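Residue-level listing of the chains:
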Amino acid sequence: MANKNITVMIADDHVLVNEGIKQLLELEPDIDVVAQAMDGEETVEKAIKYNPDVILLDINMPKMNGIDTLRKLKDLGVKSGIIMLTIHEDRGYLRETLKIGADGYVLKDSDADSLIKAIRDVNNGKTYIQPSIASSLVDDYDDNDFSKIESLTKREYEVLTLVAEGLSNKEIADKLYISEKTVKNHVSSIFKKLGVNDRVQATIFAFKNNIKKI
């Protein structure tokens with residue numbers, strides 16, 4: 001049986017941007033654009049109606065901006081992966097969406113390959129942070145604490161490096177020849193020791209502290 005295509009909703013109030021992304025994604029054989037929204041309220045309504053795998057969410061939108069829309073979607077328990085789209089590297093916006101739980105960050109002027117990779121990665125349970133954005137986020141964290149790193153077991157350190165690469169729990173389990181439940185337990189322990197709340201924050205911690213494969 002063939003794999004199901006990735007369903008995507010585009011939320012952007014600029015018609016040309018919205019349509020341009022739609023046409024771009026429709027060239028990909030494994031991606032289907034199932035909905036488009038022009039403001040925050042419409043985004044929430046259509047996210048519930050269409051339940052897309054991935055939502056591309058513009059930060060600056062009328063009625064309800066992208067940050068409030070993201071928060072609303074999370075509060076409602078929407079399971080879609082959410083990639084924030086931004087035209088500039090605004091640290092305030094990025095910090096806020098990071099805390100709320102966005103799954104990816106892409107600049108609107110990025111190339112098509114980056115956007116498509118972000119969609120595929122997020123659909124597979126990974127995180128995607130555009131390198132230039134990751135670099136700006138790193139400056140906002142004070143996690144350069146070696147005692148936190150030293151508190152990790154060798155296996156936890158290894159799992160953290162794979163989380164930072166964007167691998168899902170299943171992929172990490174397959175790579176390390178351990179159960180997915182064991183990986184989940186390691187990830188929970190890592191979050192607690194590093195004082196982070198999710199995989200994106202753990203990835204940024206690893207990025208800042210130059211954590212590499214053993």
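Named according to an unreviewed UniProt entry, the protein is LuxR family two component transcriptional regulator originating from Keratinibaculum paraultunense.

K.L.:
An account of the packing of helix α1 (residues 15-25) against helix α5 (residues 112-123) is requested, with residue identities and associated values reported.
P.N.:
Viewed as axis vectors pointing N to C, α1 and α5 meet at an angle of 75 degrees, and their least axial separation amounts to 11 Å. Taken together, the axes of α1 and α5 lie roughly perpendicular to each other. Judged by residue contacts, Ile21, Leu24 and Leu25 of α1 engage Ala112, Leu115, Ile116 and Ile119 from α5. Considering only residue class, the contact of α1 with α5 consists of 7 nonpolar, no polar and no charged.

K.L.:
Quick rundown of the sheet that holds strand β3 (residues 54-58)? Include the residues and the values.
P.N.:
What the 6 strands build is an open sheet, ordered β2-β1-β3-β4-β5-β6; its pairing is parallel. Because the sheet does not close on itself, it has two edges, and the strands there are β2 (31-37) and β6 (128-129). Bridging between strand β4 (residues 81-86) and strand β5 (residues 104-107) involves 4 bridges; their strand directions are parallel. Within β5, the position partnered with Thr86 by the bridge is Leu107.

K.L.:
Give a description of the nonpolar core that names residues and reports values.
P.N.:
Core analysis: the largest hydrophobic core is formed by 25 residues, its most contacted members being Ile55, Leu57, Leu70, Leu73, Ile82, Met84 and Tyr105. When residues of this core are traced back to their parent elements, those giving at least two are β1 (6-11), β2, α2 (40-50), β3, α3 (66-75), β4, α4 (91-100) and α11 (199-208). Listed in part, the 20 residues of the second largest apolar core include Leu167, Leu176, Leu194 and Ile211.

K.L.:
For unusual backbone geometry, give the residues involved together with the corresponding values.
P.N.:
Its identity is not glycine, yet Asn51 carries a phi of approximately 45 degrees, on the positive side. Mapped onto the elements, Asn51 comes out in the loop between α2 and β3. Of note, the phi angle at Lys63 is positive, near 70 degrees, even though the residue is not glycine. Mapped onto the secondary structure, Lys63 falls in the loop between β3 and α3.

K.L.:
Mind laying out α3, listing which residues take part and the relevant values?
P.N.:
Regarding α3, the residues found buried are Gly66, Ile67, Thr69, Leu70 and Leu73. Buried residues of α3, seen end-on, are gathered within an arc of 160 degrees and therefore sit on one face of the element. The opening residue of α3, the one whose side-chain oxygen lies 3.0 Å from the backbone nitrogen of Ile67, is Asn65. Two residues or fewer after α3 comes Gly77, characterised by a positive phi angle close to 80 degrees.

K.L.:
Break down the pattern of salt bridges for me, with residues and values.
P.N.:
Here the structure, examined in full by the defined rule, presents 13 salt bridges. Here the residues in one salt-bridge network are Asp12, Asp58 and Lys108, joined through shared partners.

K.L.:
Which residues make up the pairing of β1, and what values do they have?
P.N.:
Here β1 lies mainly inside the structure; 6 of its 6 residues are buried. The alternating pattern of β1 places Ile6, Val8 and Ile10 and Thr7, Met9 and Ala11 on opposite faces, both of which are buried. Bridge count for β1 against β2 is 6 bridges, and the pairing is parallel. Looking at the pairing, Ile6 lines up with Ile31 of β2.

K.L.:
How would you explain the environment of Asn65 if you had to name every residue and give the values?
P.N.:
Checked against the element boundaries, Asn65 lands in the loop between β3 and α3. Overall, Asn65 belongs to the partly exposed group, its relative accessible area being 31%. Sequence separation of Asn65 and Asp39 is 26 residues, and the distance between their C-alpha atoms is 7.6 Å. A distance of 2.8 Å separates a polar side-chain atom of Asn65 from the backbone nitrogen of Asp68.

The rules we used
Residues numbered from 1 in each chain as written. Predicted model: local features only at pLDDT ≥ 70, side-chain atom pairs only at ≥ 80, totals over all residues. Heavy atoms only, no water. Axes fitted to C-alpha atoms, helices over the stretch in contact; angles between N-to-C directions. Helix = DSSP H or I, 4+ residues; strand = E, 2+ residues; numbered from the N terminus. Parallel < 35°, antiparallel > 145°, perpendicular 65-115°, else oblique. Contact = heavy atoms within 4.5 Å. Nonpolar A, V, L, I, M, F, W, Y, C, P; charged D, E, K, R; others polar. Pairing = 2+ DSSP bridges. Core = buried A, V, L, I, M, F, W, Y, C linked by side-chain atoms within 4.5 Å. Buried < 20%, exposed > 50% of the residue type's maximum accessible area, 1.4 Å probe, protein only. Arc of directions from axis to C-beta. Polar contact = N/O pair within 3.5 Å; in protein donor to acceptor, adjacent residues only side chain to side chain. Salt bridge = Lys/Arg side-chain N within 4 Å of Asp/Glu carboxyl O.

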